[in-house]
Amino acid sequence: MTERARAQIDLDALRANVSILHEAAPTAALLAVVKADAYGHGLVECSKAAVSAGASYLGVALAQEAIALRQASITTPILAWLLQTDSVDEWVELVLADVEVSVSSVRGLQKAIEAATQTGTTARIHLKVDTGMGRAGASLQAWEGLLRDSAQAVAEQSIEVVGVWTHLAFADQPENPIVEHQLEVFHQALGQAESLGIKPALRHVANSAATFKTPKAHFDMVRPGIAVYGLSPGVGVGTSQELGIRPVMTFSANVIQVKELPAGHGVSYGHEYVTTTDTSVALLPVGYADGVPLAGSNVGPIFIGSRARTIAGRVCMDQVVVDIGTDQVVEGDEAIFFGPGDSGEPTADDWASAANTIGYEIVTRIGPRVPRIFSGGGT
Ligand SMILES: *Cc1c(COP(=O)(O)O)cnc(C)c1O
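One structure accompanies this document, and this report is about it.

Cut-off values and rules
Residues numbered from 1 in each chain as written. Predicted model: local features only at pLDDT ≥ 70, side-chain atom pairs only at ≥ 80, totals over all residues. Heavy atoms only, no water. Helix = DSSP H or I, 4+ residues; strand = E, 2+ residues; numbered from the N terminus. Rg over C-alpha atoms; globule rule 2.2 N^0.38 Å. Buried < 20%, exposed > 50% of the residue type's maximum accessible area, 1.4 Å probe, protein only. Core = buried A, V, L, I, M, F, W, Y, C linked by side-chain atoms within 4.5 Å. Domains from an automatic or database assignment. Expected span 1.5 Å × (residues − 1). Arc of directions from axis to C-beta. Near = heavy atom within 4 Å. Polar contact = N/O pair within 3.5 Å; in protein donor to acceptor, adjacent residues only side chain to side chain. Areas by Shrake-Rupley, 256 points an atom, 1.4 Å probe, with all protein chains shown as cover. Nonpolar A, V, L, I, M, F, W, Y, C, P; charged D, E, K, R; others polar. Patch = residues over 30% accessible without salt bridge, like charges linked within 9 Å, V, L, I, M, F, W, Y side chains within 5 Å. Salt bridge = Lys/Arg side-chain N within 4 Å of Asp/Glu carboxyl O.

## A closer look at the overall build of the chain
1) Next: The helix and strand inventory of the chain stands at 12 helices and 19 strands.
2) Next: For 379 residues, the compact-globule estimate of 2.2 N^0.38 gives 21 Å, and the C-alpha radius of gyration of the chain, at 23 Å, lies within 12% of that figure.
3) Next: Projected onto the principal axes, the alpha-carbon positions of the chain cover approximately 80 × 40 × 40 Å.
4) Next: For the chain, the proportion of its 379 residues judged to be buried stands at 54%.

## Digging into the nonpolar core
1) Next: Counting 118 residues, the largest nonpolar core has I125, F337 and F338 as the members making the most contacts within it.
2) Next: Here this core takes 6 residues from helix α8 (residues 177-195), the largest share from any one element.
3) Next: A domain-level breakdown of this core finds at least three residues from each of domain 1 (11-232) and domain 2 (249-375).

## Some thoughts on helix α7 (residues 140-155)
1) Next: The end-to-end C-alpha distance of α7, which contains 16 residues, comes to 23 Å, matching closely the 22 Å that a straight helix rising 1.5 Å per residue would cover.
2) Next: Every buried residue of α7 is accounted for by W143, L146, L147, S150 and A153. Relative to the axis of α7, the buried residues are bounded by an arc of 130 degrees and lie together on one face. In α7, the exposed residues that point more than 90 degrees away from the buried face are Q141 and A155.
3) Next: Just downstream of α7, Q157 is the residue with a positive phi angle, here 60 degrees.

## Here we look at the site of the ligand
1) Next: As a matter of local geometry, the ligand sits amid 15 residues, with K35, Y39, S208, I226 and Y360 nearest to it.
2) Next: Contacts to the ligand include Y39, whose side-chain N or O atom sits 2.5 Å from an oxygen atom.
3) Next: Here an oxygen atom of the ligand sits 2.8 Å away from a polar atom, N or O, in the main chain of G225.
4) Next: Look at the ligand: alone it shows 390 Å² of surface, and the protein chains cover 93% of it.
5) Next: Residue composition of the shell around the ligand, grouped by class: 7 nonpolar, 4 polar and 4 charged.

## Describing a nonpolar patch on the surface
1) Next: A cluster of nonpolar side chains, contributed by Y288, L294 and M317, occupies part of the molecular surface with about 280 Å² of accessible area.
2) Next: Within the secondary structure, M317 is located in the loop between β16 (307-312) and β17 (320-325).
3) Next: Exposure remark for M317: the relative accessible area of 43% places this residue in the partly exposed category.

In structure tokens form, the structure reads like this:
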């Protein structure tokens, strides 16, 4: 491995995870969420692998992400859900690229209709209702009006309502009564749609957590993200191991310097770590500019010299230091920040608990300076 650092992406693991998710929701179609560069894993490669494992839809947040998929000649249905409502440009681009769009407001609906008119086609939309998340989606007060306007646009053939959907605020706490409440509200919202003649083929609710833990939320399609990449959706859902999924990303760097330091020597900015004995330290050329959390200072786990160690002192922009004691480590040796965990290395979820964050953030923040190296292509 001659690069400074790398994120190895195990596409076989990704495909196996998609299969596990399919088994968890066998009657539903599967939309693999690939927003944010497939949670930092590489948009195009991961999308192809997910589709080859049975995902029949891909889900992204931004228009540019959907367009990147089409430019890579991926023809799978795509849903994009965070579009600008102050301009029609993205909507036109997406409709032309045969991308389905989420609509949460009358303003968004108008953009979809305008895009359909401009392009002489029908916009395929998914109406989103806020059943309690308090984030994207039409509020319950606005839902009826959005449905009426949508029904009219359907009659005029400028739109087709492919889906009606919502998102759960507590899917990672399956026993929380708000889960049940949101599902009841969703059923009511579907009833209102139906009474106005809107019967979507795809009703969808479930993220990774609900795919595993809330069968009542499966409906016609599930939308897992984090579990596709083998990380736990949350402690209330179970560890990767318990869920039978496998982390896809291994993030590692090569030692570029090993040197001895005497007892009582401070390490890195502010000397937040001080050696307790005469020892050796190893320098790794990655830091917070690569996505290593600053909050991993003095607590971030790392596998080096065949054993688990902890980062010594503050994480810098481009470097971290590890106290390796008397271990035999030489320049060029590989140090693993996180991986699947089966050779004793930490996982991204271990990093998340050490740095007081979530696995989602650990993997998505691995930066563009770090090359993604794919194995197990076979798409
Ligand atoms: C990100 C996202 C998902 C996937 O959630 P995970 O917890 O990663 O499974 C599903 N639906 C929507 C709307 C999202 O934004």
